[in-house]
Amino acid sequence: MNLSRLSGTALQYAFLGLAAFLSIFPFFWMVISATNTSIDIIGGKTTFGDAFLANVGKFFTEVDVPLIFWNSAKVAVLATVLTIAVSSLAGYGFEMFKSKARDRIYSLVLLTLMVPFGALMIPLFMMMAKTGLINTHIAIMLPTVASAFIIFYFRQSTKAFPTELRDAAKVDGLKEWQIFLYIYVPVMRSTYAAAFVIVFMTNWNNYLWPLIVLQSNETKTITLVVSSLASAYYPDYGVVMIGTILATLPTLFVFFVMQRQFVQGMLGSVK
Amino acid sequence: MNNRTILSRLAAGMFAGASLLASTAAFAGEVTVWCWDPNFNVAIMKEAAARYTAKRPETTFNIVDFAKADVEQKLQTALSSGTTDTLPDIVLIEDYGAQKYLQSFPGAFAALSGKIDYSGFAPYKVELMTVDGTVYGVPFDSGVTGLYYRKDYLEQAGFKPEDMQDLTWDRFIEIGKEVEAKTGKKMLGLDINDAGFIRILMQSAGGWYFDKEGNLSIENNAALKAALETEQKILQAGIHKPAAGWTEWVNTFTSGDVATVTTGVWITGTVKAQADQSGKWGVAPIPKLNVEGAGHASNLGGSSWYVTESSAEKDEAIDFLNEVYAKDIDFYQKILTERGAVGSLLAARTGAAYSEADAFFGGEKVWQNFSDWLAMVPAVNYGVFTNEVDTAVTAHLPSLGEGANVDDVLKQIASQAEGQIQ
């Protein structure tokens, strides 16, 4: 009995250990590779090397790092703020205002989740070309602002929002936008935090759409720069890894800063 | 009086302004170029641009680098949506995909017949950018192939450089067995999930996945059959070191584990990067298949420049490509020395860099040899679906090693390829 429990625990830990290894190894490999030369990386070296500074130096001479980071940060932050503002309003509206058409419209919104981006790409591109927005950062942000997934996420969370709060606020004479701004937003802040992490990550890592829209070296985001470095006939993998690390840091940072709220937001905002 | 002076001055000023406008209006635009690889195509294009602006300072260049797949994706999106004003003036396209773009989007690229002297380029490079007798594009880098071999290993096994000339693949395999017996080294690295080796062999016999008219040609394709048979013989003889993926394949020879490499000339830089192997390498023509029309010259990879028809700077872009890529021999010396790029302009061989003996290859004039082979690469029709058929071939390579009948494999490849093309 005791023995079988012990072996069960052992099995559990073995599994957890394996899972931990699988998720940590790529990061480990990324960091190790950033300190090695391309030749060592190809040779499969798995220990720290001494090429870290050389790789950083090369990355900073080949890439206009401040400009690229400014581009990425601008796009990711603005798109995230806009997305959350628009989609949380929609989620709030869908849950609070009862009408016959509501669920039909909501189903239509959810239906858009099933359309792959590849199918929308060409019509979107034509729209942007006609409005003269090609090669601008606005063109990257606009299509992401009304996000069906974030609307869904906010509506689901809003279900836990006590309607008594809204009723009480109404009795006190608050208008709807005031209820939203002064009651709903503070109460739902962990939902907002979680949504921020999700949307920021998606926008920061966004690749296909910026690739289609951006046309010049000056407007490129970090994902495009890393892709370009990695696709050389003889990529300098050490330099590529520096780029990958730098591209990963902001999402890691955002996640760790908001980790507590993120977990709360996932469990449900209102206690 | 006073008024008249003012008027005449004004008129003179306007005239001067107008003539200034007229003189710059000839060529004053910005030429935008899309290409990939910052250390190769992008750097080479910057060199070409610098040479052109030295003569015509009013022209400026905007060279944008994207990943190769990204250039293709952007090109495809802009062309399919018909928003051609978003296209660059010049774009780099991989040779295997050229016919796909030229045939799928007729009128999208500028016809250059009559504007460029194509007789100076390697014929196979011109053929791959020709549709119905009209040539589009300007040939750029070549993947002319060679057999790179370790002189030291082969000498240990009793073979001299003379023995490596004019080989057949059967003889190559025999030598491989000797080399392994005497030195313990494998003869070549082989990635079973990459059909590049098959493509080299097939084109060396003037064959491709498509016939001259561009129709799929698999089952009765003698060159393809001979190529598959050769790969099967190599796999069964066990003279290869298996490699999974590109980096592992490169590692087979940089680490000194294999005695030969058969691939495009662009590998030279990687081979020479191993300074401690200097003097140990030689380059011979690749072995020959045992079919009619087979030779010792072939190609792997390569790409070329195309001008978009909708470009506002079309004439300027064509003039630029013509002045540098079709005429400037010194330019080709520089990109060979600095970037290891072998262009497809045959006259480039008359320059200093091409005539130099290379100490790394024991003083051989390797570039003269490559230039000889470049002119002999058989012209084939790369067709519209090379990459699709290549996937079908790759899927069936592992079964060759298990001893599958080559005719059956050809049948399976044909049916899968037909399915993918439709």
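Thresholds, definitions, all that
- Residues numbered from 1 in each chain as written.
- Chains lettered and ligands numbered in written order.
- Predicted model: local features only at pLDDT ≥ 70, side-chain atom pairs only at ≥ 80, totals over all residues.
- Heavy atoms only, no water.
- UniProt positions renumbered as here; feature names shortened; annotations may be inferred.
- Helix = DSSP H or I, 4+ residues; strand = E, 2+ residues; numbered from the N terminus.
- Buried < 20%, exposed > 50% of the residue type's maximum accessible area, 1.4 Å probe, protein only.
- Contact = heavy atoms within 4.5 Å.
- Areas by Shrake-Rupley, 256 points an atom, 1.4 Å probe, with all protein chains shown as cover.
- Lys, Arg positive; Asp, Glu negative; His and termini not counted.
- Charge placed at Lys NZ, Arg CZ, Asp CG, Glu CD.
- Buried area = accessible area lost by both parts, 1.4 Å probe.
- Salt bridge = Lys/Arg side-chain N within 4 Å of Asp/Glu carboxyl O.
- Polar contact = N/O pair within 3.5 Å; in protein donor to acceptor, adjacent residues only side chain to side chain.
- pLDDT = per-residue confidence, 0-100.
- Axes fitted to C-alpha atoms, helices over the stretch in contact; angles between N-to-C directions.
- Parallel < 35°, antiparallel > 145°, perpendicular 65-115°, else oblique.
- Nonpolar A, V, L, I, M, F, W, Y, C, P; charged D, E, K, R; others polar.
- Phe/Tyr/Trp six-rings, centres within 6.5 Å; stacked < 30°, edge-to-face > 60°.
- Lys NZ or Arg CZ within 6 Å of the ring centre and 35° of its normal.
- Domains from an automatic or database assignment.

Named according to an unreviewed UniProt entry, chain B is Lactose/L-arabinose transport system substrate-binding protein originating from Shinella fusca. Of chain B, the UniProt comment under Subcellular location (unreviewed entry) reads exactly: "Periplasm". According to UniProt, the comment filed for chain B under the heading Sequence similarities (unreviewed entry) is "Belongs to the bacterial solute-binding protein 1 family."

Per an unreviewed UniProt entry, the recorded name for chain A is Lactose/L-arabinose transport system permease protein, and the organism is Shinella fusca. Comment text from UniProt for chain A, heading Sequence similarities (unreviewed entry), reads "Belongs to the binding-protein-dependent transport system permease family." Heading Subcellular location (unreviewed entry) of the UniProt record for chain A holds this comment: "Cell membrane".

Scanning chain B from N- to C-terminus turns up 17 helices and 11 strands. Taking the principal axes of its C-alpha atoms as reference, chain B extends roughly 105 × 50 × 35 Å. Relative to its full complement of 422 residues, chain B shows a buried share of 56%. Residue pairs in contact within chain B that sit at least 24 positions apart in sequence constitute 75% of those at least 6 positions apart. As presented, chain B carries roughly 16700 Å² of accessible surface, and 50% of it is formed by carbon and sulfur atoms. One way to put it: in chain B the 34 positive side-chain charges average out to a point 5 Å from where the 54 negative ones average out.

Contacts between the two partners involve 30 residues from chain B and, on the opposite side, 28 residues from chain A. Buried area between chain B and chain A, summed over both chains or domains, comes out near 2500 Å², and the portion from carbon and sulfur atoms is 56%. Sorting the residues of chain B by area buried against chain A places Asp70, Lys74 and Thr77 of chain B first, and these three jointly supply 18% of that buried surface. Seen at the junction of chain B and chain A, the total is 1 salt bridge. A salt bridge links Asp65 of chain B to Lys220 of chain A; its shortest N-O distance comes to 3.6 Å. The interface formed by chain B and chain A contains 15 residue pairs in polar contact (both at pLDDT 80 or more). Those elements that place two or more of their residues in the side of chain B that touches chain A are α2 (38-55), β2 (60-65), α3 (68-81) and α10 (246-254) of chain B. Of all the elements, α3 of chain B adds the most residues to the side of chain B that touches chain A, at 8 residues.

Residue and element names in this part refer to chain B. Located in the positive-phi region is Asp132, a residue other than glycine, with phi close to 50 degrees. Of note in the backbone geometry, Asp166 takes a positive phi value of approximately 50 degrees without being a glycine. With respect to the element layout, Asp166 can be found in the loop between α6 (151-156) and α7 (169-183). Classification of Asp166 as exposed rests on a relative accessible area of 55%.

Before going further, it helps to examine the UniProt feature "domain: ABC transmembrane type-1" (unreviewed entry) in chain A. UniProt records the feature "domain: ABC transmembrane type-1" (unreviewed entry) for residues 69-258 of chain A in the present numbering. The straight-line gap between the two end C-alpha atoms of residues 69-258 of chain A is 21 Å; of that span, 78% is helix and 0% is strand.

Now for the side chain of Thr83 of chain B. Residues and elements named next belong to chain B. Tracing the chain through its elements places Thr83 in the loop between α3 and β3 (90-94). Accessibility expressed as a relative area gives 9% for Thr83, which makes it buried. A polar side-chain atom of Thr83 sits 2.7 Å from a polar atom in the side chain of Ser81.

Residue and element names in this part refer to chain B. Here the structure, examined in full by the defined rule, presents 30 salt bridges over all chains. A salt bridge links Asp170 to Lys233, with the nearest nitrogen and oxygen atoms 3.0 Å apart. Here Asp170, found in helix α7, pairs with Lys233, found in helix α9 (residues 222-237); they are 63 residues apart in sequence, far enough to count as distant. Here Lys233 falls in the partly exposed class, since its relative accessible area comes to 39%. Note that Lys186 is salt-bridged to Glu180, the shortest N-O span being 2.9 Å.

Per the UniProt record, "transmembrane region" (unreviewed entry) is annotated on residues 12-32, 75-94, 106-128, 134-154, 179-201 and 237-258 of chain A. Along residues 106-128 of chain A one finds 78% helix and 0% strand; the C-alpha atoms at either end are 26 Å apart.

Moving on, we get to the environment of Tyr237 of chain A. Inspection of the secondary structure puts Tyr237 of chain A in helix α14 (residues 237-257). As a C-alpha pair, Tyr237 of chain A and Ala34 of chain A span 203 residues in sequence and 7.8 Å in three-dimensional space. Not counting the four nearest positions on each side in its chain, Tyr237 of chain A is found in contact with Ser38, Ile41 and Ile42 of chain A together with Thr247 of chain B.

What follows covers helix α15 (residues 366-376) of chain B. Each full turn of the α-helix corresponds to 3.6 residues, which orients residues three or four apart in the same direction. Buried within α15 of chain B are the following residues: Val366, Trp367, Gln368, Phe370, Ser371, Trp373 and Leu374 of chain B. On its buried face, α15 of chain B sits against α5 (123-127), β6 (138-150), α11 (268-272), β10 (281-284), α13 (329-339) and α14 (352-355) of chain B.

Attention now goes to the confidence of the model for chain A. In the predicted model, chain A carries a mean pLDDT of 91, and the fraction of residues at 70 or more is 98%. Least confident of the elements in chain A is helix α15 (residues 259-267) of chain A, whose mean pLDDT is 77; most confident is helix α4 (residues 65-96) of chain A, at 95.

Right, let's talk about the packing of α2 of chain B against helix α12 (residues 314-325) of chain B for a bit. Residue and element names in this part refer to chain B. The geometry of α2 relative to α12 is characterised by a closest axis approach of 10 Å and an angle of 100 degrees between their N-to-C directions. Here α12 runs roughly perpendicular to α2, going by the angle between their axes. The residues of α12 that touch α2, namely those facing Ile44, Met45, Ala48, Ala49, Tyr52 and Lys55, are Glu316, Asp319, Phe320, Leu321, Glu323, Val324 and Tyr325. Split into classes, the residues belonging to the contact of α2 with α12 amount to 9 nonpolar, no polar and 4 charged.

The next thing to look at is the packing of aromatic side chains. Aromatic ring pairs are reported here in terms of the distance separating the ring centres and the angle at which the planes meet. Across all of its chains, the model carries 47 aromatic pairs over all chains by this definition. Where Tyr234 of chain A meets Trp246 of chain B, the ring centres are 6.5 Å apart and the plane angle is 40 degrees; that geometry is what we call tilted. Taken together, the residues Tyr234 of chain A in the loop between α13 (222-230) and α14 and Trp246 of chain B in helix α10 connect one chain to another. Exposure remark for Tyr234 of chain A: the relative accessible area of 33% places this residue in the partly exposed category. Three or more aromatic residues joined by ring pairs make a cluster, and in this case those are Tyr233 of chain A together with Phe40, Tyr52, Phe61, Phe140, Trp305, Phe320, Tyr325, Phe331 and Tyr332 of chain B. Over the aromatic face of Phe66 of chain B sits the side chain of Lys220 of chain A, whose NZ or CZ is 5.2 Å from the ring centroid. Above the face of the Tyr153 of chain B ring, Arg150 of chain B is positioned so that its terminal group lies 4.3 Å from the ring centre.

Moving on: the domain arrangement of chain B. Residue and element names in this part refer to chain B. Looking at the assigned domains, one finds that chain B contains domain 1 (28-142 + 300-355) and domain 2 (144-299 + 365-421). A C-alpha centroid distance of 28 Å is found between domain 1 and domain 2. The partner domain 2 presents 30 residues to the 22 residues of domain 1 that form the contact. Each partner contributes to the roughly 2400 Å² buried at the junction of domain 1 and domain 2, and carbon and sulfur atoms together form 58% of this total. By the criterion of area lost to domain 2, the three top residues of domain 1 are Tyr96, Tyr124 and Leu300, representing 36% of everything that side buries. Our count for the contact surface shared by domain 1 and domain 2 stands at 2 salt bridges. A salt bridge links Glu388 to Lys100; the shortest N-O distance between them is 3.2 Å. Our count for the domain 1 to domain 2 interface comes out at 8 residue pairs in polar contact (both at pLDDT 80 or more). Those elements that place two or more of their residues in the side of domain 1 that touches domain 2 are α4 (95-104), α5, β11 (299-307) and α14. Taken together, the residues that form the side of domain 1 that touches domain 2 break down as 11 nonpolar, 7 polar and 4 charged.

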